[in-house]
Amino acid sequence: MIPSLSRTTGLSDSRGRLQLPGLLAALVADGLVRPEDAARLSHVRRDGASPEVHPLVLLARAHLPDAHDPLRSLGLETLTEWLAGRAGLPYLRIDPMKITPEATQSVSQAYAGKHGILPVAADREALVFATAEPFDQVWADDLAQMLRREVRRVVANPLDIQRYQLEFYQVQRSIQMARESKASAAPNALPNFEQLLELGKSGEVGADDRHVVHIVDWLLQYAFEQRASDLHLEPRREAGRVRFRIDGVMQQVFELPPPVMMAVTSRVKILARMDVAEKRRPQDGRIKTRSGGAREVELRISSMPTAFGEKLVMRVFDPDVVMKDFGQLGFSPEEQAIWEQLIGRPHGIVLVTGPTGSGKTTTLYSTLKRLARPEINVCTVEDPIEMVVPELNQMQVQPAIDLDFAAGVRTLLRQDPDIIMVGEIRDLETAQMAVQAALTGHLVLSTLHTNDAPSAVTRLLDLGVPHYLIQSTLAGVVAQRLIRVLCPHCKRPARQDPAEWAALTAGWDLPCPEQVQAPGACIECRQTGFLGRVGIYEMLPIGATLRARITAGMELGRIAAVARAGGLKPLRIAAARQVVAGLSTVHEVMSCLPPVEEAAMSIDQASGPVTG
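Described below are features of the structure shown in this document. Keep in mind the model is a prediction, meaning the values are calculated, not measured.

Calculation rules
- Residues numbered from 1 in each chain as written.
- Predicted model: local features only at pLDDT ≥ 70, side-chain atom pairs only at ≥ 80, totals over all residues.
- Heavy atoms only, no water.
- Helix = DSSP H or I, 4+ residues; strand = E, 2+ residues; numbered from the N terminus.
- Buried < 20%, exposed > 50% of the residue type's maximum accessible area, 1.4 Å probe, protein only.
- Contact = heavy atoms within 4.5 Å.
- Areas by Shrake-Rupley, 256 points an atom, 1.4 Å probe, with all protein chains shown as cover.
- Core = buried A, V, L, I, M, F, W, Y, C linked by side-chain atoms within 4.5 Å.
- Pairing = 2+ DSSP bridges.
- Axes fitted to C-alpha atoms, helices over the stretch in contact; angles between N-to-C directions.
- Salt bridge = Lys/Arg side-chain N within 4 Å of Asp/Glu carboxyl O.
- Expected span 1.5 Å × (residues − 1).
- Parallel < 35°, antiparallel > 145°, perpendicular 65-115°, else oblique.
- Nonpolar A, V, L, I, M, F, W, Y, C, P; charged D, E, K, R; others polar.
- Left-handed = near helix turned anticlockwise from the far one by under 90°.
- Disulfide = S-S within 2.5 Å.
- Phe/Tyr/Trp six-rings, centres within 6.5 Å; stacked < 30°, edge-to-face > 60°.
- Lys NZ or Arg CZ within 6 Å of the ring centre and 35° of its normal.

1. Some points on the overall build of the chain
Regarding its fold elements, the chain presents 25 helices and 18 strands. A total of 612 residues make up the chain; the buried ones form 51% of that total. Sequence-distant contacts, at least 24 apart, represent 64% of the contacts inside the chain between residues at least 6 apart. Of the accessible surface of the chain, which amounts to about 28,700 Å², a share of 52% is contributed by carbon and sulfur atoms.

Shown next, in the form of structure tokens:
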């Protein structure tokens, strides 16, 4: 759409470049800036600033008060969105994860830099370019003729355009240079089923090549910025995939040519002090680095041989994410009081249960950080050490030398501990050592993989722990899940479907709320409607009544009945509270909970008479 002259007169010069006086006049005309504020800046020149500084950036730096809300200043995004409306073009808040590699290959970096544009999307028929100069369209006409494709323009933040121009073109150049360097590399036998037919034609890119180093550094920094919890490097026949897990959901980020993917994998293995030559066996390693905010971040690396080469997964342990206070973890005041009572005991076993990825590590590390004081000796035995914490004495199991969890706990008992954290109770021997530690006056924290809190008791019985020892040592169990939180920038009111609510609260008489919150879609949440995650909890302190009911042949249904009679509120009730509070949706929390059929069956089992 070509903007009308009546709306653009004075905004730009003869070349279509924006002018500061014209922008001020238009902002006053549209009621965004008061005349007196505009007059104060009308003679501002770009003295002391680079000639390339965009007029919108100068206005944003002036912190002009919004005429509609004088307590709020006009930020760069607000000004950019206004300019897009003035120009009659779509506004785009650039999401770097949506920029396709094919787009950046459409024009050179020099051309993009000269015209201040950034290619953001491409298909067979059209190319989409972001620009902060919407009235300069000469370059668009020229490109349409040269590329023989439609050129569409969107208006974006000039600082974002400048930043991603630099980042994406440099990364693409590094990939290209790394790919070209393989031509001079010596042939090498690759453990890749699909490449065995071309052994004489292929070679490895050096892992210490500066282009490869740049690619790895950019990927790590990019993952930190995007709040990724895991990075996946997945080799494929045609092009390797780079995927991030963000808020529990996998998102594809980038594609790398196979030789470059191999070099990136080798580079990561070198940083993680893994055996680069060994490509047939799985390996583990760790990297400690710094994020953009100068925070130390740990990455746990795991490799796995696949049909197309080695697959790497890097799990990110950011201290700001892994260690939180109890309120940030999602505990309600009542749940926090129960948890503090459990971990405040001088001795006993406290278990945290849930599937992989349910936040158990975050809960335990946040708790240990809270408990670790100069007068307290906190020791852990883990497989592996998830995150190195200076306040803790941490030991990693080593199966190759018979140092398993049980042997680790046995060692820790001779280290004068006050609190022991066992990474996971997997077998009878580890359970017996945890019980022994609790009986001798230590507080033991550990994890189990069970669906809910009552199941932890039956799991210990199934492992072979005598019921009388469970009675004597088990202090409490907390089951948890992580649910995605609605994006505060775009969530909107909605009516709750009574049928969905009934499925969530099966067996519990909770009134259906008339109005809840529903996901929207915005750039802040990448059009997903969710931003961040929070925990939901099922708290089961082992009281006198339940303790007395634990017997050798006790079934799960009976334990659940006693716990429910004692006030246990299951995970789905905690989830329902988050829905009522407007933090999540029924559909989202149901995807994290056991199926409705299992929950209904458990309630039916628990509905019988409570006997010993």
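The structure having been displayed, the exposition proceeds.
2. A word on the nonpolar core
Note that soluble globular proteins tend to have their nonpolar side chains buried in a common cluster. By size, the foremost hydrophobic cluster in this structure holds 58 residues, and its most contacted members are Ile349, Leu351, Val381, Leu474, Leu504 and Leu540. Looking at this core, the element that brings in the most residues is helix H17 (residues 428-439), giving six residues. Counting 48 residues, the second-largest nonpolar core is a separate cluster that includes Val120, Tyr164, Ala228 and Leu256.

3. Some words on the sheet that holds strand S9 (residues 309-317)
Pairing is antiparallel in the open sheet, where six strands are placed in the order S6-S5-S4-S9-S8-S7. Pairing within the sheet leaves two strands with one partner each, and these edge strands are strand S6 (249-256) and strand S7 (283-290). When the angles between neighbouring strand axes are averaged without regard to direction, this sheet yields 20 degrees. Bridge count for strand S4 (residues 228-234) against S9 is four bridges, and the pairing is antiparallel. The residue of S9 that forms the bridge with Leu231 is Met314. In this fold helix H11 (residues 258-271) packs onto S4, strand S5 (240-246), S6, S7, strand S8 (296-306) and S9, with an angle of close to 50 degrees to the strand it touches most, S9.

4. Brief notes about the pattern of salt bridges
Under the definition given, this model contains 25 salt bridges. Of the charged contacts, one joins Arg243 and Glu234 as a salt bridge, the two residues approaching to 2.9 Å between their closest N and O atoms. A salt bridge links Arg280 to Glu278, with the shortest nitrogen-to-oxygen separation between them at 3.4 Å. One network of salt bridges, in which partners are shared, links Glu234, Arg236, Arg241 and Arg243.

5. Quick word on the pairing of strand S18 (residues 530-541)
Across the 12 residues of S18, nine count as buried, placing the element largely inside the fold. Examined bridge by bridge, strand S15 (residues 474-486) and S18 share 10 bridges and lie antiparallel to one another. In the sheet register, Ile483 faces S18, and the bridge partner there is Val534.

6. Notes on the sheet that holds strand S14 (residues 443-448)
In spatial order, the strands read S12-S11-S13-S14-S10-S15-S18; together these seven strands make up an open sheet with mixed pairing. Unpaired on one side and paired on the other, strand S12 (393-396) and S18 mark the two borders of the sheet. With direction set aside, neighbouring strand axes in the sheet form an average angle of 20 degrees. Where strand S10 (residues 348-353) meets S14, six bridges bridge the pair, whose relative direction is parallel. Following the sheet pairing, Gly348 is matched in S14 by Leu443.

7. Considerations on helix H10 (residues 210-225)
An α-helix turns once per 3.6 residues; consequently, residues spaced three or four apart project the same way. Between the first and last C-alpha of H10 there are 23 Å, a value that for 16 residues agrees with the 22 Å anticipated at 1.5 Å per step. Listing the buried residues of H10 in full gives His211, Val212, Val213, Ile215, Val216, Trp218, Leu219, Leu220, Tyr222, Ala223 and Phe224. Arg227, located one to two residues past H10, shows a positive phi value of around 60 degrees.

8. A short note on the packing of helix H2 (residues 20-29) against helix H5 (residues 76-87)
Closest axis-to-axis distance for the H2/H5 pair is 12 Å, and the angle between their directions is 85 degrees. Comparing the axis directions of H2 and H5 gives the class roughly perpendicular. Packed against H2, whose contacting residues are Leu23, Ala26, Leu27 and Ala29, the element H5 presents Leu79, Trp82, Leu83 and Arg86 at the interface. Across the contact of H2 with H5, the residue classes break down as seven nonpolar, no polar and one charged.

9. Details of the packing of helix H16 (residues 405-412) against H17
One can describe the packing of H16 onto H17 by two numbers: an axis separation of 8 Å at closest approach and a directional angle of 20 degrees. Accordingly, the angle class assigned to the pair H16 and H17 is roughly parallel. Judged by the sense of rotation from one axis to the other, the crossing of H16 with H17 is left-handed. Contacts between H16 and H17 involve Phe405, Ala406, Val409 and Arg410 from the former and Glu429, Thr430, Met433, Ala434 and Ala437 from the latter. Among the residues making up the contact of H16 with H17, the classes are represented as six nonpolar, one polar and two charged.

10. Observations regarding unusual backbone geometry
The step from Asp383 to Pro384 runs through a cis peptide bond, and the omega angle for that step is -10 degrees. Along the polypeptide, Pro384 turns up in the loop between strand S11 (378-382) and S12. The residue Arg227 is not glycine, and still its phi comes out positive at about 60 degrees. Examined against the element boundaries, Arg227 turns out to sit in the loop between H10 and S4. Its relative accessible area of 38% is what places Arg227 among the partly exposed residues. Residues other than glycine seldom take positive phi values, yet Asp402 does so here, at roughly 65 degrees. With respect to the secondary-structure elements, Asp402 resides in the loop between S12 and H16. Asp402 gets classed as exposed once you look at its relative accessible area, which sits at 64%.

11. Some details on the pairing of S15
Of all 13 residues that make up S15, 12 are buried, and the element is covered over most of its length. Direction of pairing for S10 relative to S15: parallel, over a ladder of five bridges. The residue of S15 that forms the bridge with Val350 is Gly476.

12. Topic: the state of the cysteines
The full count for this structure, using the stated rule, is zero disulfides. Here Cys525 is not disulfide-linked; the sulfur of Cys490 is the nearest cysteine sulfur, at 3.7 Å. Relative accessible area serves as the criterion here: at 3%, Cys525 is assigned to the buried category.

13. Digging into H11
With 14 residues, H11 should cover 20 Å at 1.5 Å per step; its first-to-last C-alpha distance of 20 Å lies within 8% of that length. Counting buried positions along H11 yields 12 of 14 residues, so the element is predominantly enclosed. All of the buried residues along H11 are Pro258, Pro259, Val260, Met261, Met262, Ala263, Val264, Thr265, Ser266, Arg267, Val268 and Lys269. Immediately downstream of H11, the backbone of Arg273 shows phi near 60 degrees, a positive value.

14. Brief notes about the packing of aromatic side chains
What the rule picks out here adds up to seven aromatic pairs. Between the aromatic rings of Tyr222 and Phe244, the centroid separation amounts to 5.9 Å while the plane-to-plane angle is 70 degrees, which identifies the pairing as edge-to-face. With Tyr222 in helix H10 and Phe244 in strand S5, the pair connects residues that are 22 residues apart, well separated along the chain. For the residue pair Tyr222 and Phe244, the accessibility class agrees, reading buried in each case. Judged by centre distance (4.1 Å) and plane angle (20 degrees), the rings of Phe331 and Tyr537 are stacked. Of this pair, Phe331 sits in the loop between helix H13 (326-329) and helix H14 (333-343) while Tyr537 sits in strand S18, and the two are 206 residues apart along the sequence. The pair Phe331 / Tyr537 is uniform in exposure class, with both members buried. Ring-pair connections join several aromatic residues into one group, and the members of that group are Trp218, Tyr222, Phe244 and Phe254. Looking at Arg484, its charged tip hangs above the ring of Phe530, at a distance of 4.2 Å from the centre.

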